[in-house]
Each structure stands twice: as structure tokens, then as C-alpha cells.
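In case you want the letters, here they are:
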Amino acid sequence: MSLLAGLFLFIIWAAGAVASVAWALSMGATLVIGLVLWNSFFGFCTAFGLMLFWSREHWLGD
């Protein structure tokens with residue numbers, strides 16, 4: 001992963017973390033719940049995206 005891609009991924013994570021924490025706090029939950037929800041969602045999306053990326057050769061028939 002290049003430095004630019006890593007920076008972009010971090011910016012996406014940080015923006016999502018801020019939004020998730022703000023949402024959790026507005027619903028009366030704690031900051032930790034917001035971070036746990038965001039990190040689990042972000043981790044799932046990252047794992048799913050990497051699975052698709054790594055299996056592209058299988059789906060393309062190469």
C-alpha cells in the first residue's frame with residue numbers, strides 16, 4: 001500500500017469514527033460504543049474488500 005492510499009484510508013477511518021461517536025453520544029450511549037461499532041463495521045468492510053480484491057483473479061478466470 002502506498003503512503004497516499006494509507007493516508008486516504010486513515011482519513012476515511014477518522015471521519016467515520018467521528019461520525020459514529022457523535023451518533024452514539026446523541027443516542028445517549030458512550031464514546032466507547034461508538035468506536036466499537038465503527039471499528040467493527042470498518043473492519044468488516046475492509047476484510048470484505050480485501051477478499052474481493054485478492055480473489056479477482058479467480059473471478060476473472062486467470
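Residues numbered from 1 in each chain as written. Predicted model: local features only at pLDDT ≥ 70, side-chain atom pairs only at ≥ 80, totals over all residues. Heavy atoms only, no water.

When its secondary structure is counted, the protein shows three helices and zero strands. Its helices and strands taken in sequence order, the protein reads α-α-α from the N to the C terminus. The globule rule puts the C-alpha radius of gyration for 62 residues at 11 Å, and the 15 Å found for the protein is more than 25% above it. Over its C-alpha atoms, taken along the principal directions, the protein stretches across nearly 50 × 25 × 10 Å. (Helix = DSSP H or I, 4+ residues; strand = E, 2+ residues; numbered from the N terminus. Rg over C-alpha atoms; globule rule 2.2 N^0.38 Å.)

All right, on to helix H2 (residues 31–54) then. Here H2 spans 34 Å end to end across 24 residues, near enough to the 34 Å set by a 1.5 Å rise per residue. Taken together, the buried positions of H2 are Gly-34, Trp-38 and Phe-42. Structurally, H2 contributes buried residues whose contacts are with helix H1 (3–26). (Expected span 1.5 Å × (residues − 1). Buried < 20%, exposed > 50% of the residue type's maximum accessible area, 1.4 Å probe, protein only. Contact = heavy atoms within 4.5 Å.)

Further remarks concern the packing of aromatic side chains. Tallying each qualifying case throughout the model produces four aromatic pairs. Ring-pair connections join several aromatic residues into one group, and the members of that group are Trp-38, Phe-41 and Phe-42. (Phe/Tyr/Trp six-rings, centres within 6.5 Å; stacked < 30°, edge-to-face > 60°.)

Below, the discussion takes up the environment of Leu-7. Residue position: Leu-7 is located in helix H1. For the pair Leu-7 and Ser-26, spaced 19 residues apart in the sequence, the C-alpha separation amounts to 28 Å.

This next bit is on the confidence of the model for the protein. With 95% of its residues at a pLDDT of 70 or more, the protein has an overall mean of 89. When mean pLDDT is compared element by element in the protein, H1 scores highest at 93, while helix H3 (residues 56–60) scores lowest at 75. (pLDDT = per-residue confidence, 0-100.)

Right, let's get into the environment of Ala-24. Turning to its location among the elements, Ala-24 is positioned in helix H1. Contact partners of Ala-24, with chain neighbours within four places excluded, come to Ala-29, Thr-30 and Gly-34.

So, about the side chain of Ser-55. Residue placement: Ser-55 occurs in the loop between H2 and H3. In this structure the side chain of Ser-55 is engaged in a polar contact, spanning 2.8 Å, whose partner is the backbone oxygen of Met-51. Separated by 3.4 Å, the side chain of Ser-55 and the backbone oxygen of Leu-52 make a polar contact. (Polar contact = N/O pair within 3.5 Å; in protein donor to acceptor, adjacent residues only side chain to side chain.)

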